[in-house]
Amino acid sequence: MADFLEPILPGSYLGILGGGQLGRMFTQAAQAMGYKVCVLDPGSDSPAGSIAEKFIQADYTDSAALQEMAALCKAVSTEFENVPAQALDELESLGVFVAPRSSCVSLAQNRVAEKKFLATWKAETNIGPAPYCVVEHDADIEHVPANLFPGILKTARMGYDGKGQITVYDSANLVAAWAEFGKVPCVLEKRMDLDFEVSALVVRGYDDAVVAYPVSQNIHRDGILHTSTVPAPSLKPAQEKKIIDAAKALIRKIDYVGVLCVEFFVLKSGDIVANEIAPRPHNSGHYTMDACVSSQFEQQVRSMARLPLGDTRLLAPVSMLNLLGDLWYEGSEDQAREPAWNKVLSHPDAKLHLYGKSDPRMGRKMGHINCVGESLNQARQNCAAVALELG
Ligand code: ADP
Ligand code: MG
(Lines give C-alpha, C1' and ligand atoms only; values in the text may rest on other atoms or scores of the structure.)
(Ligands and ions follow the chains in the order given, each with its own letter.)
Protein backbone atom coordinates (compact mmCIF):
# COMPACT_ATOMS: atom_id res chain seq x y z
CA MET A 1 0.00 0.00 0.00
CA ALA A 2 2.45 2.61 -1.15
CA ASP A 3 0.16 5.17 -2.73
CA PHE A 4 -2.21 6.64 -0.22
CA LEU A 5 -5.21 8.47 -1.48
CA GLU A 6 -6.15 11.71 0.25
CA PRO A 7 -8.82 11.56 2.95
CA ILE A 8 -12.36 12.53 1.99
CA LEU A 9 -13.29 15.54 4.10
CA PRO A 10 -16.56 16.78 5.66
CA GLY A 11 -18.78 18.53 3.13
CA SER A 12 -18.37 15.61 0.69
CA TYR A 13 -20.94 12.95 -0.07
CA LEU A 14 -20.52 9.41 1.29
CA GLY A 15 -22.65 6.59 -0.12
CA ILE A 16 -24.32 3.68 1.63
CA LEU A 17 -25.93 0.63 0.05
CA GLY A 18 -29.01 -0.32 2.05
CA GLY A 19 -31.47 1.93 3.82
CA GLY A 20 -32.26 -0.02 7.01
CA GLN A 21 -31.48 0.96 10.58
CA LEU A 22 -27.75 0.37 10.17
CA GLY A 23 -27.74 2.73 7.20
CA ARG A 24 -29.74 5.25 9.20
CA MET A 25 -27.30 5.25 12.11
CA PHE A 26 -24.42 5.50 9.64
CA THR A 27 -26.16 8.48 8.04
CA GLN A 28 -26.65 10.15 11.41
CA ALA A 29 -22.97 9.67 12.31
CA ALA A 30 -21.81 10.98 8.93
CA GLN A 31 -24.11 14.01 9.09
CA ALA A 32 -22.93 14.80 12.63
CA MET A 33 -19.42 15.01 11.19
CA GLY A 34 -20.51 17.31 8.37
CA TYR A 35 -20.80 14.80 5.52
CA LYS A 36 -23.72 14.44 3.19
CA VAL A 37 -25.09 10.97 2.54
CA CYS A 38 -26.49 9.22 -0.49
CA VAL A 39 -28.54 6.08 0.26
CA LEU A 40 -29.40 3.46 -2.33
CA ASP A 41 -32.19 1.03 -1.42
CA PRO A 42 -34.86 -0.81 -3.40
CA GLY A 43 -37.65 0.04 -0.92
CA SER A 44 -39.72 3.22 -1.13
CA ASP A 45 -39.79 3.93 2.58
CA SER A 46 -36.41 3.30 4.16
CA PRO A 47 -35.22 4.43 7.61
CA ALA A 48 -31.96 5.80 6.14
CA GLY A 49 -33.39 7.10 2.87
CA SER A 50 -35.84 9.30 4.75
CA ILE A 51 -33.06 11.28 6.47
CA ALA A 52 -30.30 11.27 3.82
CA GLU A 53 -29.54 14.28 1.61
CA LYS A 54 -29.97 12.02 -1.41
CA PHE A 55 -32.06 8.86 -1.69
CA ILE A 56 -31.89 6.71 -4.81
CA GLN A 57 -34.67 4.14 -4.90
CA ALA A 58 -33.44 1.36 -7.17
CA ASP A 59 -32.26 -2.22 -7.24
CA TYR A 60 -28.67 -2.73 -6.13
CA THR A 61 -27.70 -3.88 -9.60
CA ASP A 62 -29.36 -0.99 -11.46
CA SER A 63 -26.46 0.43 -13.49
CA ALA A 64 -27.95 3.89 -13.95
CA ALA A 65 -28.51 4.16 -10.19
CA LEU A 66 -24.95 3.02 -9.43
CA GLN A 67 -23.63 5.59 -11.90
CA GLU A 68 -25.67 8.30 -10.23
CA MET A 69 -24.26 7.25 -6.87
CA ALA A 70 -20.69 7.14 -8.22
CA ALA A 71 -21.05 10.65 -9.66
CA LEU A 72 -21.94 11.96 -6.20
CA CYS A 73 -19.83 9.85 -3.82
CA LYS A 74 -16.09 9.34 -3.61
CA ALA A 75 -16.59 6.43 -1.21
CA VAL A 76 -19.34 3.87 -0.66
CA SER A 77 -19.91 1.32 2.10
CA THR A 78 -22.66 -1.19 2.78
CA GLU A 79 -25.07 -1.76 5.62
CA PHE A 80 -26.68 -4.78 4.03
CA GLU A 81 -24.50 -7.86 3.80
CA ASN A 82 -26.45 -9.45 0.99
CA VAL A 83 -25.80 -6.64 -1.45
CA PRO A 84 -24.72 -8.29 -4.73
CA ALA A 85 -20.93 -8.34 -5.16
CA GLN A 86 -21.57 -7.13 -8.69
CA ALA A 87 -22.87 -3.78 -7.34
CA LEU A 88 -19.71 -3.23 -5.30
CA ASP A 89 -17.50 -4.21 -8.26
CA GLU A 90 -19.39 -1.88 -10.56
CA LEU A 91 -18.94 1.04 -8.16
CA GLU A 92 -15.24 0.25 -7.86
CA SER A 93 -14.88 0.19 -11.64
CA LEU A 94 -16.48 3.65 -11.69
CA GLY A 95 -13.61 4.93 -9.54
CA VAL A 96 -15.39 4.85 -6.17
CA PHE A 97 -13.49 3.80 -3.04
CA VAL A 98 -15.52 0.79 -1.86
CA ALA A 99 -14.96 -0.29 1.74
CA PRO A 100 -15.22 -3.17 2.49
CA ARG A 101 -14.39 -4.64 -0.93
CA SER A 102 -16.70 -7.11 -2.65
CA SER A 103 -14.50 -10.16 -1.93
CA CYS A 104 -14.81 -9.47 1.83
CA VAL A 105 -18.58 -9.02 1.62
CA SER A 106 -18.95 -12.18 -0.52
CA LEU A 107 -17.15 -14.23 2.13
CA ALA A 108 -19.77 -13.31 4.73
CA GLN A 109 -22.67 -13.87 2.32
CA ASN A 110 -22.13 -17.58 1.96
CA ARG A 111 -21.87 -19.85 4.99
CA VAL A 112 -20.01 -22.49 2.95
CA ALA A 113 -17.22 -20.06 2.05
CA GLU A 114 -17.32 -18.53 5.52
CA LYS A 115 -16.96 -21.84 7.42
CA LYS A 116 -14.22 -22.97 5.07
CA PHE A 117 -12.34 -19.74 5.66
CA LEU A 118 -12.83 -19.96 9.43
CA ALA A 119 -11.51 -23.54 9.35
CA THR A 120 -8.28 -22.49 7.59
CA TRP A 121 -7.95 -19.51 9.91
CA LYS A 122 -7.80 -21.91 12.89
CA ALA A 123 -4.18 -22.72 12.11
CA GLU A 124 -3.26 -19.10 12.89
CA THR A 125 -5.55 -18.24 15.74
CA ASN A 126 -6.42 -21.56 17.37
CA ILE A 127 -10.09 -20.65 17.06
CA GLY A 128 -12.08 -22.53 14.43
CA PRO A 129 -15.75 -23.03 13.52
CA ALA A 130 -18.00 -25.68 15.05
CA PRO A 131 -17.56 -29.08 13.34
CA TYR A 132 -19.60 -28.93 10.15
CA CYS A 133 -20.11 -30.42 6.72
CA VAL A 134 -21.49 -29.01 3.49
CA VAL A 135 -24.85 -30.29 2.19
CA GLU A 136 -25.23 -29.51 -1.50
CA HIS A 137 -26.15 -32.86 -3.11
CA ASP A 138 -28.30 -35.82 -2.07
CA ALA A 139 -25.13 -37.91 -1.79
CA ASP A 140 -23.69 -35.49 0.81
CA ILE A 141 -26.33 -36.63 3.29
CA GLU A 142 -25.08 -40.23 3.20
CA HIS A 143 -21.64 -39.05 4.20
CA VAL A 144 -22.63 -36.89 7.13
CA PRO A 145 -20.56 -37.99 10.14
CA ALA A 146 -22.76 -39.27 12.98
CA ASN A 147 -21.01 -36.99 15.47
CA LEU A 148 -22.59 -33.90 13.83
CA PHE A 149 -25.97 -34.86 15.38
CA PRO A 150 -27.77 -33.16 16.97
CA GLY A 151 -26.92 -30.48 14.50
CA ILE A 152 -28.24 -27.28 12.99
CA LEU A 153 -28.88 -27.17 9.26
CA LYS A 154 -28.30 -23.62 8.02
CA THR A 155 -28.91 -22.34 4.50
CA ALA A 156 -25.70 -21.10 2.92
CA ARG A 157 -27.29 -17.82 1.89
CA MET A 158 -29.66 -15.19 3.24
CA GLY A 159 -29.98 -16.50 6.81
CA TYR A 160 -30.28 -13.91 9.58
CA ASP A 161 -31.77 -13.63 13.08
CA GLY A 162 -32.00 -17.43 13.26
CA LYS A 163 -33.99 -17.67 10.02
CA GLY A 164 -32.97 -20.42 7.60
CA GLN A 165 -32.02 -22.80 10.43
CA ILE A 166 -33.51 -26.13 11.54
CA THR A 167 -32.25 -28.36 14.35
CA VAL A 168 -31.91 -31.99 13.24
CA TYR A 169 -31.41 -35.04 15.43
CA ASP A 170 -30.71 -37.75 12.86
CA SER A 171 -30.35 -38.28 9.13
CA ALA A 172 -34.10 -38.72 8.60
CA ASN A 173 -34.61 -35.28 10.17
CA LEU A 174 -31.82 -33.93 8.00
CA VAL A 175 -33.41 -35.25 4.80
CA ALA A 176 -36.73 -33.63 5.75
CA ALA A 177 -35.13 -30.32 6.78
CA TRP A 178 -33.09 -30.09 3.60
CA ALA A 179 -36.20 -30.78 1.52
CA GLU A 180 -38.00 -28.04 3.47
CA PHE A 181 -35.26 -25.62 2.39
CA GLY A 182 -35.82 -26.70 -1.23
CA LYS A 183 -32.43 -28.52 -1.34
CA VAL A 184 -30.50 -25.25 -1.55
CA PRO A 185 -26.83 -25.37 -0.50
CA CYS A 186 -26.53 -25.63 3.29
CA VAL A 187 -24.08 -26.32 6.05
CA LEU A 188 -24.85 -28.81 8.79
CA GLU A 189 -23.18 -27.70 11.98
CA LYS A 190 -22.84 -29.66 15.19
CA ARG A 191 -25.00 -28.13 17.92
CA MET A 192 -22.52 -26.96 20.52
CA ASP A 193 -22.93 -26.86 24.26
CA LEU A 194 -22.80 -23.08 24.65
CA ASP A 195 -21.90 -21.43 27.91
CA PHE A 196 -22.43 -17.95 26.45
CA GLU A 197 -22.07 -15.93 23.24
CA VAL A 198 -19.84 -12.94 22.55
CA SER A 199 -18.87 -10.78 19.65
CA ALA A 200 -15.73 -8.92 18.71
CA LEU A 201 -15.94 -5.66 16.81
CA VAL A 202 -12.82 -4.58 14.96
CA VAL A 203 -12.09 -1.78 12.53
CA ARG A 204 -9.33 -1.50 9.97
CA GLY A 205 -8.36 1.74 8.32
CA TYR A 206 -7.06 2.34 4.85
CA ASP A 207 -3.59 2.76 6.39
CA ASP A 208 -3.71 -0.80 7.88
CA ALA A 209 -4.33 0.52 11.42
CA VAL A 210 -6.55 -1.91 13.34
CA VAL A 211 -8.54 -1.12 16.49
CA ALA A 212 -10.84 -3.29 18.58
CA TYR A 213 -13.75 -2.54 20.88
CA PRO A 214 -14.22 -4.41 24.14
CA VAL A 215 -15.97 -7.74 23.52
CA SER A 216 -19.72 -7.79 24.17
CA GLN A 217 -21.65 -10.67 25.72
CA ASN A 218 -24.86 -11.36 23.86
CA ILE A 219 -28.14 -12.99 24.84
CA HIS A 220 -30.46 -14.12 22.03
CA ARG A 221 -34.16 -14.86 22.21
CA ASP A 222 -35.69 -16.96 19.44
CA GLY A 223 -32.52 -16.47 17.38
CA ILE A 224 -32.70 -12.66 17.63
CA LEU A 225 -30.28 -10.58 19.69
CA HIS A 226 -31.94 -9.49 22.94
CA THR A 227 -29.20 -7.85 25.02
CA SER A 228 -25.49 -7.06 24.68
CA THR A 229 -23.47 -6.27 27.79
CA VAL A 230 -20.00 -4.76 28.03
CA PRO A 231 -17.62 -5.57 29.68
CA ALA A 232 -18.67 -9.16 28.97
CA PRO A 233 -19.64 -10.42 32.45
CA SER A 234 -18.60 -14.07 31.99
CA LEU A 235 -15.51 -13.64 29.82
CA LYS A 236 -12.07 -14.17 31.36
CA PRO A 237 -9.40 -11.59 30.44
CA ALA A 238 -7.28 -14.26 28.72
CA GLN A 239 -10.30 -15.33 26.62
CA GLU A 240 -11.03 -11.72 25.67
CA LYS A 241 -7.44 -11.23 24.57
CA LYS A 242 -7.54 -14.41 22.49
CA ILE A 243 -10.78 -13.32 20.82
CA ILE A 244 -9.58 -9.80 20.06
CA ASP A 245 -6.23 -11.04 18.73
CA ALA A 246 -8.07 -13.51 16.49
CA ALA A 247 -10.47 -10.88 15.13
CA LYS A 248 -7.58 -8.49 14.44
CA ALA A 249 -5.70 -11.22 12.60
CA LEU A 250 -8.80 -12.02 10.56
CA ILE A 251 -9.49 -8.46 9.45
CA ARG A 252 -5.88 -8.12 8.24
CA LYS A 253 -5.88 -11.50 6.58
CA ILE A 254 -8.81 -10.63 4.33
CA ASP A 255 -7.47 -7.11 3.70
CA TYR A 256 -10.70 -5.60 4.92
CA VAL A 257 -11.27 -1.86 5.30
CA GLY A 258 -14.17 -0.91 7.57
CA VAL A 259 -16.08 -2.24 10.58
CA LEU A 260 -16.23 -6.02 11.01
CA CYS A 261 -18.03 -8.09 13.61
CA VAL A 262 -17.04 -11.65 14.49
CA GLU A 263 -19.47 -13.74 16.57
CA PHE A 264 -18.02 -16.38 18.90
CA PHE A 265 -19.41 -19.13 21.11
CA VAL A 266 -17.77 -19.83 24.47
CA LEU A 267 -18.45 -23.48 25.24
CA LYS A 268 -19.09 -25.09 28.60
CA SER A 269 -15.63 -26.67 28.20
CA GLY A 270 -14.10 -23.17 28.02
CA ASP A 271 -13.17 -23.66 24.36
CA ILE A 272 -13.95 -20.84 21.93
CA VAL A 273 -15.61 -21.38 18.55
CA ALA A 274 -15.99 -18.81 15.75
CA ASN A 275 -19.58 -18.63 14.52
CA GLU A 276 -19.93 -16.04 11.77
CA ILE A 277 -18.69 -12.72 10.48
CA ALA A 278 -20.68 -9.64 9.53
CA PRO A 279 -19.07 -7.21 7.07
CA ARG A 280 -20.58 -4.08 8.63
CA PRO A 281 -21.50 -2.51 11.96
CA HIS A 282 -23.47 -5.00 14.03
CA ASN A 283 -26.46 -4.97 16.36
CA SER A 284 -24.20 -6.18 19.19
CA GLY A 285 -22.06 -3.06 18.65
CA HIS A 286 -24.87 -0.53 19.15
CA TYR A 287 -23.62 -0.04 22.71
CA THR A 288 -20.69 1.92 21.26
CA MET A 289 -23.09 4.78 20.39
CA ASP A 290 -23.45 5.84 24.02
CA ALA A 291 -20.67 4.05 25.88
CA CYS A 292 -17.53 4.57 23.77
CA VAL A 293 -15.52 7.56 22.61
CA SER A 294 -16.30 6.71 18.97
CA SER A 295 -19.31 4.69 17.84
CA GLN A 296 -19.08 1.87 15.32
CA PHE A 297 -20.88 4.12 12.82
CA GLU A 298 -18.35 6.93 13.26
CA GLN A 299 -15.67 4.31 12.55
CA GLN A 300 -17.49 3.29 9.38
CA VAL A 301 -17.39 6.94 8.29
CA ARG A 302 -13.74 7.32 9.28
CA SER A 303 -12.58 4.14 7.56
CA MET A 304 -14.36 4.81 4.27
CA ALA A 305 -13.26 8.46 4.29
CA ARG A 306 -9.66 7.25 4.80
CA LEU A 307 -9.36 9.19 8.05
CA PRO A 308 -7.46 7.99 11.13
CA LEU A 309 -9.67 5.69 13.22
CA GLY A 310 -11.41 6.92 16.37
CA ASP A 311 -10.81 5.83 19.95
CA THR A 312 -12.66 2.64 20.92
CA ARG A 313 -12.33 3.22 24.69
CA LEU A 314 -15.30 2.23 26.84
CA LEU A 315 -16.46 5.21 28.93
CA ALA A 316 -19.01 3.34 31.05
CA PRO A 317 -20.29 -0.20 31.53
CA VAL A 318 -23.36 -0.68 29.37
CA SER A 319 -26.16 -3.06 28.56
CA MET A 320 -28.10 -2.72 25.31
CA LEU A 321 -31.70 -3.86 25.01
CA ASN A 322 -33.17 -4.50 21.55
CA LEU A 323 -36.70 -3.25 20.91
CA LEU A 324 -38.70 -5.57 18.65
CA GLY A 325 -42.08 -4.88 17.06
CA ASP A 326 -43.64 -7.26 19.61
CA LEU A 327 -43.56 -4.39 22.12
CA TRP A 328 -46.19 -2.60 20.05
CA TYR A 329 -48.70 -5.38 20.75
CA GLU A 330 -50.40 -6.72 23.84
CA GLY A 331 -49.64 -10.40 23.19
CA SER A 332 -51.09 -10.72 19.68
CA GLU A 333 -51.01 -8.59 16.53
CA ASP A 334 -54.67 -7.56 16.86
CA GLN A 335 -54.06 -5.70 20.12
CA ALA A 336 -51.88 -2.73 19.23
CA ARG A 337 -50.44 -0.36 21.82
CA GLU A 338 -47.70 2.24 22.11
CA PRO A 339 -44.74 1.17 24.30
CA ALA A 340 -44.45 3.04 27.60
CA TRP A 341 -41.90 5.62 26.43
CA ASN A 342 -42.72 7.97 29.32
CA LYS A 343 -41.64 5.26 31.75
CA VAL A 344 -38.52 4.38 29.75
CA LEU A 345 -37.48 8.01 29.48
CA SER A 346 -37.92 8.51 33.21
CA HIS A 347 -34.66 6.52 33.56
CA PRO A 348 -31.84 9.05 33.24
CA ASP A 349 -29.29 6.36 32.24
CA ALA A 350 -31.39 4.94 29.41
CA LYS A 351 -30.53 6.17 25.91
CA LEU A 352 -33.38 5.51 23.51
CA HIS A 353 -32.78 4.96 19.79
CA LEU A 354 -35.78 4.44 17.49
CA TYR A 355 -35.28 3.69 13.81
CA GLY A 356 -38.23 5.58 12.37
CA LYS A 357 -40.02 2.46 11.09
CA SER A 358 -43.72 3.05 10.69
CA ASP A 359 -44.79 -0.60 10.65
CA PRO A 360 -43.99 -2.47 13.90
CA ARG A 361 -44.27 -6.13 12.91
CA MET A 362 -43.57 -8.91 15.40
CA GLY A 363 -39.85 -9.76 15.45
CA ARG A 364 -38.93 -6.59 13.51
CA LYS A 365 -36.07 -4.54 14.94
CA MET A 366 -37.61 -1.15 15.78
CA GLY A 367 -34.95 0.36 18.03
CA HIS A 368 -32.70 -0.22 20.99
CA ILE A 369 -31.92 1.27 24.38
CA ASN A 370 -28.41 1.61 25.79
CA CYS A 371 -28.36 1.56 29.57
CA VAL A 372 -25.11 2.80 31.05
CA GLY A 373 -24.14 2.52 34.70
CA GLU A 374 -21.34 3.39 37.08
CA SER A 375 -20.64 -0.32 37.48
CA LEU A 376 -21.39 -3.37 35.37
CA ASN A 377 -24.01 -4.45 37.88
CA GLN A 378 -25.62 -1.01 37.79
CA ALA A 379 -25.78 -1.07 33.98
CA ARG A 380 -27.40 -4.51 34.04
CA GLN A 381 -29.87 -3.45 36.72
CA ASN A 382 -30.78 -0.34 34.73
CA CYS A 383 -31.35 -2.47 31.66
CA ALA A 384 -33.51 -4.95 33.59
CA ALA A 385 -35.54 -2.06 35.05
CA VAL A 386 -36.14 -0.56 31.61
CA ALA A 387 -37.11 -3.97 30.17
CA LEU A 388 -39.63 -4.31 32.99
CA GLU A 389 -41.17 -0.92 32.15
CA LEU A 390 -41.74 -2.12 28.60
CA GLY A 391 -43.54 -5.23 29.84
P1 ADP B 1 -27.78 -15.77 12.20
O2 ADP B 1 -27.20 -15.40 10.88
O3 ADP B 1 -29.24 -15.99 12.16
O4 ADP B 1 -27.33 -14.84 13.30
P5 ADP B 1 -26.20 -17.78 13.58
O6 ADP B 1 -25.38 -18.83 12.92
O7 ADP B 1 -25.45 -16.70 14.28
O8 ADP B 1 -27.18 -17.21 12.48
O9 ADP B 1 -27.19 -18.50 14.59
C10 ADP B 1 -28.11 -17.79 15.39
C11 ADP B 1 -28.05 -18.28 16.83
O12 ADP B 1 -28.33 -19.69 16.90
C13 ADP B 1 -26.67 -18.14 17.46
O14 ADP B 1 -26.48 -16.83 17.97
C15 ADP B 1 -26.74 -19.20 18.54
O16 ADP B 1 -27.51 -18.77 19.64
C17 ADP B 1 -27.51 -20.32 17.87
N18 ADP B 1 -26.57 -21.27 17.20
C19 ADP B 1 -26.15 -21.18 15.93
N20 ADP B 1 -25.28 -22.16 15.62
C21 ADP B 1 -25.16 -22.91 16.72
C22 ADP B 1 -24.41 -24.10 17.05
N23 ADP B 1 -23.62 -24.69 16.16
N24 ADP B 1 -24.54 -24.61 18.29
C25 ADP B 1 -25.35 -24.02 19.20
N26 ADP B 1 -26.07 -22.90 18.96
C27 ADP B 1 -25.99 -22.35 17.74
MG1 MG C 1 -25.49 -14.64 14.16
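Residues numbered from 1 in each chain as written. Chains lettered and ligands numbered in written order. Predicted model: local features only at pLDDT ≥ 70, side-chain atom pairs only at ≥ 80, totals over all residues. Heavy atoms only, no water.

**Q** Talk me through the domain arrangement of the protein; I want residue IDs and the actual numbers.
**A** For the protein, the assigned domains are domain 1 (13-98), domain 2 (131-190) and domain 3 (194-390). One C-alpha centre belongs to domain 2, the other to domain 3, and the line joining them spans 29 Å. Facing the four residues of domain 2 at the interface are six residues of domain 3. Together domain 2 and domain 3 conceal approximately 310 Å² of surface at their shared face, both sides included; 32% is due to carbon and sulfur atoms. Taken as a group, Lys-154, Asp-161 and Glu-189 account for 81% of the area that domain 2 buries against domain 3, more than any other trio of residues on that side. Counting every contact that joins domain 2 to domain 3 gives one salt bridge. The residue Lys-365 makes a salt bridge to Asp-161 at a minimum N-O spacing of 3.2 Å. Across the domain 2-domain 3 interface, the total number found is two residue pairs in polar contact (both at pLDDT 80 or more). Of the residues that constitute the side of domain 2 that touches domain 3, the class distribution is no nonpolar, one polar and three charged. (Domains from an automatic or database assignment. Contact = heavy atoms within 4.5 Å. Buried area = accessible area lost by both parts, 1.4 Å probe. Salt bridge = Lys/Arg side-chain N within 4 Å of Asp/Glu carboxyl O. Polar contact = N/O pair within 3.5 Å; in protein donor to acceptor, adjacent residues only side chain to side chain. Nonpolar A, V, L, I, M, F, W, Y, C, P; charged D, E, K, R; others polar.)

**Q** An account of the sheet that holds strand S7 (residues 151-155) is requested, with residue identities and associated values reported.
**A** With respect to topology, four strands assemble into an open sheet ordered S6-S9-S7-S8, the strand pairing being antiparallel. Of all the strands in the sheet, just strand S6 (132-135) and strand S8 (165-168) have a single pairing partner and so form its edges. In this sheet, neighbouring strand axes are inclined to one another by 25 degrees on average, regardless of whether the strands run parallel or antiparallel. Of the pairings in the sheet, the one linking S6 to strand S9 (residues 186-190) comprises four bridges and is antiparallel in character. The residue of S9 that forms the bridge with Val-135 is Cys-186. Those strands touched by helix H5 (residues 111-125) are S6, S7, S8 and S9, and its axis lies near 45 degrees from that of S9. (Pairing = 2+ DSSP bridges. Helix = DSSP H or I, 4+ residues; strand = E, 2+ residues; numbered from the N terminus. Axes fitted to C-alpha atoms, helices over the stretch in contact; angles between N-to-C directions.)

**Q** Go over the site of ligand 1 with me, naming the residues and quoting the values.
**A** Not every one of the 19 residues close to ligand 1 is listed here, only the nearest: Lys-154, Gly-162, Glu-189, Glu-197 and Asn-275. Taking Met-192, its main chain carries an N or O atom lying 2.9 Å from a nitrogen atom of ligand 1. Here ligand 1, which alone exposes 540 Å², has 88% of that area covered by the protein. Among the elements of the structure, S7, S9, strand S10 (194-204), strand S14 (258-267) and strand S15 (272-278) are those that each provide at least two residues to the shell around ligand 1. Each of two domains, domain 2 (131-190) and domain 3 (194-390), supplies a minimum of three residues to the shell around ligand 1. (Near = heavy atom within 4 Å. Areas by Shrake-Rupley, 256 points an atom, 1.4 Å probe, with all protein chains shown as cover.)

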